[in-house]
Amino acid sequence: MAQYPLSKFHFQVEWGGARLGFTEVTGLNVETQVIEYREGISPEYHKIKMPGMQKFDNITLKRGLFKADNEFFQWWNTVALNTITRRDIIVSLMNEKHEPVMVWKIKNAWPVKVNSTDLKADGNEVAVESIELAHEGLVMEAA
């Protein structure tokens, strides 16, 4: 039997104990920054490269807009100088049995940007809102 890569359309997001439906999750990226160093006495005429600090991209979550559901803006309103309501978030890629096969654990996330939907008189789409999150760590695990 042939082996196929995982499809990316069946996933769930958990935050604050609740499971929410989203249409898109982006920014699940981590980068190790490079430190360059060279001693003056080195016989090599180049710098050596060492691993440095990790850098995490902001994560963007998009979902359909529902009547009387204002959770994005309620969380956004908790952000004030030095007081932020942080949440750990779990994004799970699911198989056909609805079991997680890959899991991304996001640590201490908080909203930095909320986008409401655009409005179009001749549009034929679902109203979609998004929230952009800063965070302090991302771990990817195979389930």
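I will try to describe carefully the structure that is included in this document. Here the structure is a predicted model, which is why all the values come from computation and not from measurement. (Residues numbered from 1 in each chain as written. Predicted model: local features only at pLDDT ≥ 70, side-chain atom pairs only at ≥ 80, totals over all residues. Heavy atoms only, no water.)

Okay, the overall build of the chain next. Helices and strands together make up the secondary structure of the chain, namely 1 helix and 10 strands. From first element to last, N terminus to C terminus, the chain shows the α and β order β-β-β-β-β-β-α-β-β-β-β. On C-alpha atoms alone, the chain measures out to a radius of gyration of 20 Å, which is more than a quarter above the 15 Å that the 2.2 N^0.38 rule sets for 143 residues. Each of the three principal axes of the chain carries a C-alpha extent, and together these read 70 × 55 × 35 Å. In the chain, the share of contacts with a sequence separation of at least 24, taken over all contacts with a separation of at least 6, comes to 62%. When the accessible surface of the chain is totalled, it reaches about 10,500 Å², and 53% of it is carbon and sulfur. (Helix = DSSP H or I, 4+ residues; strand = E, 2+ residues; numbered from the N terminus. Rg over C-alpha atoms; globule rule 2.2 N^0.38 Å. Contact = heavy atoms within 4.5 Å. Areas by Shrake-Rupley, 256 points an atom, 1.4 Å probe, with all protein chains shown as cover.)

A cluster of nonpolar side chains, namely Ile35, Tyr37, Ile48 and Met50, defines an oily patch on the protein surface of about 350 Å² accessible area. At the level of secondary structure, the elements contributing two or more residues to the nonpolar patch comprise β4 (30-37) and β5 (48-56). Structurally, isoleucine 35 is set in strand β4. Exposure remark for isoleucine 35: the relative accessible area of 39% places this residue in the partly exposed category. (Patch = residues over 30% accessible without salt bridge, like charges linked within 9 Å, V, L, I, M, F, W, Y side chains within 5 Å. Salt bridge = Lys/Arg side-chain N within 4 Å of Asp/Glu carboxyl O. Buried < 20%, exposed > 50% of the residue type's maximum accessible area, 1.4 Å probe, protein only.)

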